[in-house]
Amino acid sequence: MRPVYMVSGGVSKFAKARPDATFQKIVKESFDYAMNDVPKLKHSMIDGSVVSYFSDHFTRQLMAGIMAVDYLGLCPKPNKRIEGGGATGGLCFQAGWEAVASGRMNVCAAFGFETMSHVPTWKGNEFIALASDVNFDYPVGGFYSGYYAMMVNRHMHEFGTTVEQLAMVSVKNHMNAYGNPYAQKRRKLTIADVRNSAMVAYPLTLLDICVMSDGAATCILADEETAFKLTDHPVKITGVGTGTDMMRMSDRPHGEVLLAPNEKKSDYGNLKYPGVHSFRAGRSAGLQAYRMAGITDPLKQIDFVELHDAYTSSEIQTYEDLALCKYGDGGKFVEAGYPFMPQIDYGMKLPKKGTLPVNPSGGLIACGHPVGATGLMQAVFAFWQIQGSIKKHYGSPELQLKKANRGLIHSHAGTGTYVTVSIMERGW
Amino acid sequence: MAKKNQVKRPAASSKFEELMTGTTVFNVPLPADLKTLKGMSPIVIRQPYNIDYIHSYGQDSPFFAGLSNKKLLGTKCPKCDYTWATPRLACTRCGGETDWVELPQTGRVHTFTTCYFGGEEFLKETPFHLVLVEFDGVDTLFLSRLLGPEQPEDIKIGMKIKAKFRRNSQLKPTDVYFVPAE
Ligand SMILES: [Zn+2]
């Protein structure tokens, strides 16, 4: 296995609907942005690509992947489509990493998209719910927001997590997005705004849940020698992990916690794990990536995190899966102020300034969630943070972290069935 | 002017809902100057997509036969002594084949939610409660609807519930639903 670097990235502005363009053109916008950011990279140097989108239902076009590839002029070079629910983009990023790490390609373009505006919102929710067992789960009233709501109700029962703690995540991520021109929703909110918005699935309100989007993202990955020829500021991918869990939440075991290096068995007493309160796949993916990157104390050794906050509740559950805090302490973690950005005024009193900003970009809740693009979007935003090029790409330095040498990106599919974690570090 | 003690009525909608209906159009204008075409607004059409699937419950079929006979069936792994409330013929712990067993018809709420929105197919049924049911002596859970409580605040984790069955089976997992047991 050889070291892999990210040399460039691009994102289309995520929007509720892009009737002005088909998916190919939206992908090309993100691809062209990435290409223009490294002028030394010639189109002919790309050895192949990987492409991701989640649902053929949304596209109503089978083999949409190859149509994006041919639009970009990447035929007859190798390509394959990657799909794994909400984690589709994260899996695509890792497939690109595999292509370069294995030596099959020196330069690989990883791009993904989703065009969800082609159906009304509630039909879209029906499509997404088909990503649950159609014998036993979907027909009972299949609704992903309902599934996550059941998970967080159990989390609250086990650990005392509160709806106000969930709302703090929404306030934080929407406020961060205020400085991100690529974000779909840029709003200054209060905890009361979040709680007073329409109840979708008790206790999750409209502002606890991400929206559907049209959008695309591209990452260009390269081997070490090529990376340093192309840019003075490549970002090294130092850890990758992928976890899985059983599709039906009902089937999840009630066993023992998968311990992180900074935890011991006695931390958890009789806690039944993962049950439906935690994402075992997230823990598994995190531990693999930490082992590979040599991380033993993630809270201290990681500078920022871009994680899959399709629901405010999953952000809190993910703090725990990633061992940023112990299982059960996710609500207190946000309440204490850890995941906030130190330089932003959130309009609320926090006990401490943020030390490990989570979703400095605004996350899925505010940026949008065009599924096949989302995990790649996180990689692009993390890449710009680590490069220190936020000002160049956002037009303002407001969201640039002072210390952003090592970031973690996290992509997550249906109630935690697939989770990817990748570690990205300053490579120069 | 708003007055105190005014009758509370639903507010009039502030925006039109996007509709999937429209006018049939057979032609659109085209400007003479082709250079202006890149600035043309997109043409958006309606594209229906309806399918009837021939879906087999396959090896899960006995569960649905059970429901239509007012029995709740799970499976049990003879090797692991592990009982699955939502049946599966393959034990994922040991890879062996499981056997069909009858489950108790009373259990407890392991967790719940109330859905005020949903996928289009279920939108007309909202609001409704979903519960994951736990049973004594059974290792995994079962997803079902809970009927009876009006509000989510009326549902408590751990509360006792019992199975009820539709009189006329639909051969759907909703042939069984739960109600408070006491
Ligand atoms: Zn077994």
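None of these values were measured; they are calculated from a predicted model. In this numbering scheme, every chain counts its residues from 1 along its sequence in written order. All chains are assigned letters beginning at A, and all ligands numbers beginning at 1, according to the order in which they are written. The predicted origin of the model limits local features to residues at a pLDDT of at least 70 and limits the giving and counting of side-chain atom pairs to 80 or more, whereas totals for whole chains, interfaces and linings rest on all residues. As a convention, hydrogens and water are excluded, and side-chain values are obtained from all of the structure's heavy atoms.

## Describing the sheet that holds strand β7 (residues 214–223) of chain A
Residues and elements named next belong to chain A.
Step number 1: Reading across the sheet, the nine strands line up as β3-β2-β4-β7-β1-β8-β13-β12-β11 and stay open at both edges, with mixed pairing between neighbours. The sheet terminates laterally at β3 (79–82) and β11 (304–306), the two strands that pair on one side only. Ignoring strand direction, the axes of neighbouring strands in this sheet form an average angle of 25°.
Step number 2: Think of it this way: DSSP has to see at least two bridges between two strands before they count as a pair. Helix and strand labels come from DSSP, where a helix needs a run of H or I of at least four residues and a strand needs a run of E of at least two; each type is numbered from the N terminus. The pairing of strand β1 (residues 4–11) with β7 spans seven bridges and is classified as antiparallel. Among the inter-strand pairings, G10 is bridged to a residue of β7, identified as T218.
Step number 3: What makes two residues a contact is simply this: any of their non-hydrogen atoms within 4.5 Å. Where helices are involved, their axes are fitted lines through C-alpha atoms of the stretch in contact, as for all axes, and angles between N-to-C directions lie from 0 to 180°. The sheet contacts of helix α1 (residues 23–37) involve β1, β4 (107–115) and β7, and relative to β7 the element is tilted by about 40°.
Step number 4: Together, β1, β2 (48–52), β4, β7, β8 (235–244), β11, β12 (406–412) and β13 (418–426) form the strand contacts of helix α15 (residues 371–387), whose direction differs from that of β1 by roughly 110°.

## Here we look at the pattern of salt bridges
Residue and element names in this part refer to chain A.
Step number 1: In the sections that follow, a salt bridge refers to a side-chain nitrogen of Lys or Arg positioned within 4 Å of a carboxyl oxygen of Asp or Glu. Considering all chains together, one arrives at 31 salt bridges over all chains under this definition.
Step number 2: Residue K392 is joined to D37 by a salt bridge in which the shortest nitrogen-to-oxygen separation is 2.6 Å. Of this pair, K392 sits in helix α16 (residues 390–394) while D37 sits in helix α1, placing them 355 residues apart in sequence.
Step number 3: The classification of residues rests on relative accessible area computed with a 1.4 Å probe and restricted to protein chains. Under 20% of the type maximum is buried, over 50% is exposed, and intermediate values are partly exposed. With a relative accessible area of 15%, D37 lands in the buried category.
Step number 4: Here K264 and D267 are joined by a salt bridge, their closest N and O atoms 3.4 Å apart.
Step number 5: Here D267 falls in the partly exposed class, since its relative accessible area comes to 25%.
Step number 6: Each member of the salt-bridge network shares a partner with another, and the members are R18, D20, K25 and E29.

## Some thoughts on the packing of helix α7 (residues 163–177) of chain A against helix α12 (residues 312–321) of chain A
Residues and elements named next belong to chain A.
Step number 1: In contact at an axis separation of 8 Å, α7 and α12 are set at 100° when each is read in the N-to-C sense. Considering their axes alone, α7 and α12 lie roughly perpendicular with respect to each other. Residue-level inspection shows Q165, L166, V169, S170, K172 and N173 of α7 in contact with α12, the latter providing T312, S313, E315, I316 and Y319.
Step number 2: Asp, Glu, Lys and Arg are counted as charged, while Ala, Val, Leu, Ile, Met, Phe, Trp, Tyr, Cys and Pro are counted as nonpolar; the rest, among them Gly, fall into the polar class. Class assignment for the residues of the contact of α7 with α12 results in four nonpolar, five polar and two charged. In these notes the angle categories are as follows: under 35 degrees is roughly parallel, over 145 is roughly antiparallel, 65 to 115 is roughly perpendicular, and the rest is oblique.

## Side note on the environment of R46 of chain B
Residues and elements named next belong to chain B.
Step number 1: With respect to the element layout, R46 can be found in the segment before α1 (61–68).
Step number 2: Separated by 26 residues in sequence, R46 and M20 place their C-alpha atoms 7.2 Å apart.
Step number 3: At 3.0 Å, the side chain of R46 forms a polar contact with the backbone oxygen of M20. N or O atoms closer than or at 3.5 Å make up a polar contact, with two conditions inside protein: a donor-capable atom paired with an acceptor-capable one, and, for residues adjacent in sequence, both atoms drawn from side chains.

## Quick word on the coordination of the zinc ion
All names here are of chain B.
Step number 1: Listed as protein donors to the zinc ion are C77 (SG), C80 (SG), C91 (SG) and C94 (SG); their distances from the metal cover 2.2 to 2.3 Å.
Step number 2: Note that the zinc ion binds four donor atoms; their angles at the metal cover 102 to 116°, and the shape is tetrahedral.
Step number 3: A 2.8 Å cut-off from the metal defines N, O and S donors, relaxed to 3.2 Å for Na, K and Ca; water is not in the atom list, so some sites may appear incomplete. In primary sequence terms, the donor set of the zinc ion follows C-x2-C-x10-C-x2-C.
Step number 4: The exposure class of C94 is partly exposed, given its relative accessible area of 31%. A four-donor site is classed as tetrahedral when every donor-metal-donor angle falls between 85 and 135 degrees; four donors are called square planar, and six octahedral, when trans pairs exceed 155 degrees and all remaining angles lie between 65 and 115, with any other arrangement labelled irregular.

## Thoughts on unusual backbone geometry
Step number 1: Each neighbour pair has its own omega, and for C75 of chain A with P76 of chain A the value is 5°, a cis peptide bond.
Step number 2: Checked against the element boundaries, P76 of chain A lands in the loop between α3 (64–71) and β3.
Step number 3: T126 of chain B connects to P127 of chain B through a cis peptide bond whose omega is -10°.
Step number 4: Topologically, P127 of chain B is positioned in the loop between α2 (120–123) and β5 (128–134).
Step number 5: The residue T415 of chain A is not glycine, and still its phi comes out positive at about 45°.

## Some points on the packing of aromatic side chains
Step number 1: Planes of paired rings set the category: under 30 degrees apart is stacked, over 60 is edge-to-face and the rest tilted, where pairs are Phe, Tyr or Trp rings (Trp by its six-membered ring) whose centres lie within 6.5 Å. For the structure on display, the rule yields 33 aromatic pairs over all chains.
Step number 2: Between the aromatic rings of F333 of chain A and Y338 of chain A, the centroid separation amounts to 4.8 Å while the plane-to-plane angle is 5°, which identifies the pairing as stacked.
Step number 3: Judged by its relative accessible area of 3%, F333 of chain A is buried.
Step number 4: Relative accessible area serves as the criterion here: at 23%, Y338 of chain A is assigned to the partly exposed category.
Step number 5: An aromatic cluster of at least three residues, connected via ring pairs, comprises Y33, Y182, F381, W384 and Y394 of chain A.
Step number 6: Whether a charge sits over a ring depends on NZ of Lys or CZ of Arg being within 6 Å of the ring centre and within 35 degrees of the ring normal. Lying over the aromatic face of W84 of chain B, R88 of chain B brings its terminal NZ or CZ to 5.5 Å of the ring centre.

## Focus on the pairing of strand β1 (residues 73–77) of chain B
Residue and element names in this part refer to chain B.
Step number 1: Counting buried positions along β1 yields four of five residues, so the element is predominantly enclosed.
Step number 2: With four bridges connecting them, β1 and strand β3 (residues 99–102) associate as antiparallel partners. Considered in β3, the bridge of T75 is made with W100.
Step number 3: Across three bridges, β1 lies against strand β2 (residues 82–84) in antiparallel orientation. Looking at β2, one finds that T75 is bridged to W84.

## Remarks on the side chain of D60 of chain B
Step number 1: The residue D60 of chain B is located in the segment before α1 in this model.
Step number 2: Charge counting treats Lys and Arg as positive and Asp and Glu as negative, with His and both chain ends excluded. Within the buried set, D60 of chain B has no salt-bridge partner at all; the shortest N-O distance to an opposite charge, 5.1 Å, is to R248 of chain A.
Step number 3: Excluding residues within four positions of it along the chain, D60 of chain B makes contact with N135 and F136 of chain A together with P87 and W100 of chain B.

## Focus: the sheet that holds β2 of chain B
Residue and element names in this part refer to chain B.
Step number 1: Reading across the sheet, the three strands line up as β2-β1-β3 and stay open at both edges, with antiparallel pairing between neighbours. Each edge of the sheet is formed by a strand with only one pairing partner; in this case those strands are β2 and β3. Looking at each pair of strands side by side, their axes are set apart by 40° on average, direction ignored.

## Observations concerning a nonpolar patch on the surface
Residues and elements named next belong to chain B.
Step number 1: A grouping of V25, V28, L30, M40, I43 and I45 is seen on the molecular surface, where their side chains present a nonpolar patch of about 630 Å² in accessible area.
Step number 2: Among the secondary structure elements, V28 is positioned in the segment before α1.
Step number 3: V28 sits in the partly exposed class, given a relative accessible area of 46%. Patches were defined on residues exceeding 30% relative accessible area and lacking a salt bridge, with like-charge contacts within 9 Å and nonpolar side-chain contacts (Val, Leu, Ile, Met, Phe, Trp, Tyr) within 5 Å. The protein chains shown are the only cover counted for residues, whose accessible areas, like all others here, come from Shrake-Rupley with a 1.4 Å probe.

## A closer look at the packing of helix α6 (residues 144–159) of chain A against α12 of chain A
Residues and elements named next belong to chain A.
Step number 1: It is the contact of α6 with α12, at a shortest axis distance of 10 Å, that shows an interaxial angle of 55°. It follows from the interaxial angle that α6 and α12 lie oblique. As α6 runs across α12, the sense of the crossing is left-handed. Facing Y148, M151, V152, H155 and F159 of α6, the residues of α12 in contact are S313, S314, I316, Q317 and E320.
Step number 2: A per-class count over the contact of α6 with α12 returns five nonpolar, four polar and one charged. A crossing counts as left-handed when the near helix is turned anticlockwise from the far one by less than a right angle, and as right-handed when that turn is clockwise.

## A closer look at the side chain of S314 of chain A
Step number 1: With respect to the helices and strands, S314 of chain A occurs in helix α12.
Step number 2: Residues in contact with S314 of chain A, not counting those within four places in the same chain, are Y148, F279 and H308 of chain A.

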